[in-house]
Amino acid sequence: MSIDITGVSKRYGHFVALEGIDLSLPRGQLTALLGPSGGGKTTLLRIIAGLETPDTGSVVIEGKDATRLPVQKRNVGFVFQHYAAFKHLSVARNVAFGLEIRKKPEDEVRAKVEELLALVHLSQFADRLPSQLSGGQRQRMALARALAIEPTVLLLDEPFGALDAKVRKELRDWLRRLHDEVHVTTVFVTHDQEEALEVADEIVVVNQGRVEQVGTPDQLYDDPANDFVMGFLGETTTLGGVVLRPHDIEVDRGPGRAGAQEAVVVRVLRVGFEVRVSAETTAGEQVTVSMTRTHAKALHVDEGATLWLCPAVGAATVPSMPFRLRDGVVA
Amino acid sequence: MSVQLEPRPPSLTVGPAPRRRTPSHNLTRTSGIGLGLTMTWFSLLVLIPLAAVVATAAAGGPDGFGRPVTNEQTAAAIRITVLAAFSVTLVNVVMGTMIAWVLVRDRFPGKALLELVIDVPFALPTIVAGLVLLSLYGNDSPLGLELANTGWSIYLAFLFVTLPFVVRMVQPVLEELDQEVEEAAASLGASRLTTFRRIVLPALAPAIAAGAALSFARAVGEYGSLVLLSGNLPFESEVTSVRILSAIENDNRATAAAIATLLLVISLLVIVVLDVVQRRVARRG
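The model shown is predicted, which means the values in this text are computed figures rather than measured ones.

Visitor: What is the right way to read the layout of surface pockets from this model?
Guide: One water molecule sets the probe size; rolling that probe over the atoms shows where empty space is left. Residue and element names in this part refer to chain B. Computed from the structure, the second largest pocket encloses a volume of approximately 600 Å³. The set of elements that each furnish at least two residues to the lining of the second largest pocket consists of α3 (72–105), α9 (192–221) and α12 (253–283). With 8 residues, the single largest contributor to the lining of the second largest pocket is α3. Here the lining of the second largest pocket is composed, by residue class, of 18 nonpolar, 3 polar and 1 charged.

This is the structure:
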């Protein structure tokens, strides 16, 4: 394991940021810490980096206890949401900073900086100041700067959070490809489930200072541990006391299937190729169903129509819990 | 304080870029009136009086200018003033930055009060400042430091009246400084000292230089807080502003103007030097 976190807790006054976190991240993997804002994922990342110290618990990096090690000694690369560029230094000197601190010989530094700038496609911008770069370019510079010290682990805190949607998507793909090239153990924080599902090898869902679930994107999507994880990874609805995805509901005009529930269509909303149907079951449950335009047309789904709904075969479902019990870590 | 012009990024358009002549101004009627007002105001208050002083000083020819400032007593006063102003400015650069740092980065009881007290030397009439200092460092000093009527009294008065300048210039810049940048430097292995020297200081340099320039200019021209405290002993605690006043009292305007012009040149020189130093520090790192 590259990073082992055991029993880590952190409080700020009365606010519990993290509580009893146990987590092991294997070497060379790209892991996403996913969760809502204020859930503790950034605090966890900063504790791994040594920018915060945990109240209890330990952090072991590459088999070495790093809990009391200052950030300078941990050899981690850290990328901030707002770039944290050294504004008065050129792009090349930003990247060279960590190497100069390590008193590497000048030609070695120059070669390394050139190599990294080529890697992040910024070679022709070497002599510019950060203020002359776009947001996406600045973040790539920050990434090159972090990679320059050949970090044991690379930590990214909402790295694409400040960028617009298009650039974010480009950089996301690019980060994935970069990781496949560089293979450094990488942890990134995000609140965007699409980003996590698309980029990460493994996702750690963090909420209210706890780990809700750890797994591959497929595991999390197909087999969520609870309704929070399910709800966070995509849209959900409830049918007959279970939480499931709106597109995992079979729709019929007659009571053909076993367990199908009768419902009356309240509203039909068309968004492009998709039709979202709001219906109310005879038990008074509000259900959202999503289906394709063609399917809806064939079934004549209109307001006031009666439908029979049941979960599709193999649909991911979790029992709905209006008052959820905190039962600790589910892994 | 200074705007650094960076080379423009190369144009991305293909083919020969159309040559456009940059107009020498971009003034509309309204902004033209604004500029006119500014210049009139500035001329009435600053440029014309300054020019008058320089003209008076130059009227006596090189000899009329040289004799007063090479007068032994005047030369001593200039030396004493400039040396004290320079030393005090150096102290302010260090102490002012430190005080600003404490005010911005630390939280402690009584901080709001300290914030207020910093401005007292600004708010206090200088003659009152002189009285305050005299009661503390004069004869029968409760601290046992009888500095009045010695050369040290000049340093004391200068330090008192120039204290807020660097603090107040550095403080807002420090507040705006992104602490993540310092964390980034730390994560790259930089010690706190290295981070300060290579990352924080270059960002603060323009503000420190501006504060230092103000501090120096204020010290060179200081009069009110000194007259009670220093005793105006020639060759020991007599400063230039006192020399100028006594020249005028003796109805010797040409001498007064000559000394004033020299002070003006020294102040300008210091401001230029500070700007050069500031630019160098801001680019290093």
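Visitor: Please clarify how the interface of chain A and chain B should be interpreted in this entry.
Guide: Often, the extent of an interface is quoted as the loss of accessible area upon association of its parts. Listed as interface residues are 25 residues of chain A and, on the opposing side, 24 residues of chain B. Around 2,100 Å² of area is buried between chain A and chain B when both sides are counted, 60% of it from carbon and sulfur atoms. Considering only the surface of chain A that becomes buried against chain B, Gln72(A), His88(A) and Phe97(A) emerge as the three largest contributors, covering 28% of it. Summed over the shared surface of chain A and chain B, the result is 2 salt bridges. Across the salt bridge formed by Arg46(A) and Glu183(B), the nearest N and O atoms sit 2.6 Å from each other. Among the secondary structure elements, those contributing two or more residues to the side of chain A that touches chain B are α2 (71–74), β6 (76–79), α3 (91–101) and α5 (135–148) of chain A.

Visitor: Explain the sheet that holds β6(A) to me, please; I cannot follow it from the model alone.
Guide: Sheet strands pair by backbone hydrogen bonding; their relative direction is either parallel or antiparallel. Residues and elements named next belong to chain A. Across the sheet, 6 strands lie side by side as β6-β7-β8-β3-β9-β10; this open sheet has mixed pairing. With one partner strand each, in any of the chains shown, β6 and β10 (210–215) form the two edges of the open sheet. Between one strand and the next, the sheet's axes are offset by a mean angle of 15°, whatever the strand orientation. Relative to β10, strand β9 (residues 202–207) runs antiparallel, the two sharing 5 bridges. The partner of Asn207 across the bridge, within β10, is Arg210.

Visitor: It is not clear to me how the pairing of strand β7 (residues 153–157) of chain A should be interpreted in this structure. Could you clarify?
Guide: All names here are of chain A. In terms of burial, β7 is a largely internal element, 5 of the 5 residues being buried. Of the two faces of β7, the one carrying Val153, Leu155 and Asp157 and the one carrying Leu154 and Leu156 are both buried. Pairing between β6 and β7: 4 bridges, direction parallel. Looking across to β7, one finds that Val79 is bridged to Leu156. Two strands pair when backbone bridges link them, and β7 and strand β8 (residues 185–190) are joined in this way by 5 bridges, in the parallel orientation. Directly across from Leu154, in β8, lies its bridge partner Thr186. The handedness of the β7 to β8 crossover, carried by helix α6 (residues 165–182), is right-handed.

Visitor: Would you mind showing me how to read helix α1 (residues 29–59) of chain B here?
Guide: Helical geometry: 3.6 residues make up each α-helical turn, so side chains three or four residues apart lie on a common side. Along α1(B), the sharpest change in direction is near 55° and occurs at Ser43(B). Where α1(B) ends, the next residue or the one after it, Gly61(B), has phi of about 75°, a positive value.

Visitor: What exactly am I supposed to notice about the sheet that holds strand β16 (residues 286–292) of chain A here?
Guide: Residue and element names in this part refer to chain A. Read across the sheet, 5 strands follow the order β13-β17-β14-β15-β16 without closing on themselves; strand pairing throughout is antiparallel. Across the chains shown, the open sheet's two edge strands, defined by having one partner strand only, are β13 (249–252) and β16. Within the sheet, the average angular offset between the axes of one strand and its neighbour, ignoring direction, is 45°. Strand direction decides the pairing type here: strand β14 (residues 261–271) and strand β15 (residues 274–281), joined by 8 bridges, are antiparallel. Residue pairing across strands places Arg267 opposite Ser278, the latter belonging to β15.

Each value, and the rule that gives it
- Residue positions are counted from 1 within each chain, in the order its sequence is given.
- All chains are assigned letters beginning at A, and all ligands numbers beginning at 1, according to the order in which they are written.
- Owing to the predicted nature of the model, reporting of local features is limited to residues with pLDDT of at least 70; listing and counting of side-chain atom pairs is limited to 80 or more, with chain, interface and lining totals taken over all residues.
- Note that the side-chain values use all heavy atoms of the structure and ignore hydrogens as well as water.
- Throughout, the protein atoms alone are placed on a 1 Å grid, and a set of points is a cavity if a 1.4 Å probe fits but cannot get out or a pocket if it is open with protein on both sides within 12 Å along at least five of seven lines; lining residues have an atom within 4 Å of a point.
- Grid points are joined across faces, edges and corners, and a volume is the space filled by probe spheres set on the points.
- Put simply, DSSP marks the helices as runs of H or I at least four residues long and the strands as runs of E at least two long, and each gets a number from the N terminus on.
- Amino acid classes used here: Ala, Val, Leu, Ile, Met, Phe, Trp, Tyr, Cys and Pro are nonpolar; Asp, Glu, Lys and Arg are charged; the rest, including Gly, are polar.
- Working rule for contacts: check all heavy atoms of both residues, and any pair within 4.5 Å makes them a contact.
- Throughout, the accessible surface (probe 1.4 Å) given up by two parts as they are put together, summed over both, is called the buried area.
- Every case where a carboxyl oxygen of Asp or Glu lies within 4 Å of a side-chain nitrogen of Lys or Arg is listed as a salt bridge.
- Two strands qualify as a pair provided that DSSP identifies no fewer than 2 bridges between them.
- Note on geometry: axes are lines fitted to C-alpha atoms, helical ones only across the stretch in contact, with angles between N-to-C directions running from 0 to 180 degrees.
- Relative accessibility under 20% of the residue-type maximum defines a buried residue, over 50% an exposed one, and the middle range a partly exposed one, all with a 1.4 Å probe and only protein chains included.
- If the strands point away from the viewer and the path from the first strand over the helix to the second runs clockwise, then the crossover is right-handed.
- The bend reported for a residue corresponds to the angle between axes fitted to the seven residues ending at that residue and the seven starting there.

These results come straight from atomic positions and should not be treated as a statement about function.
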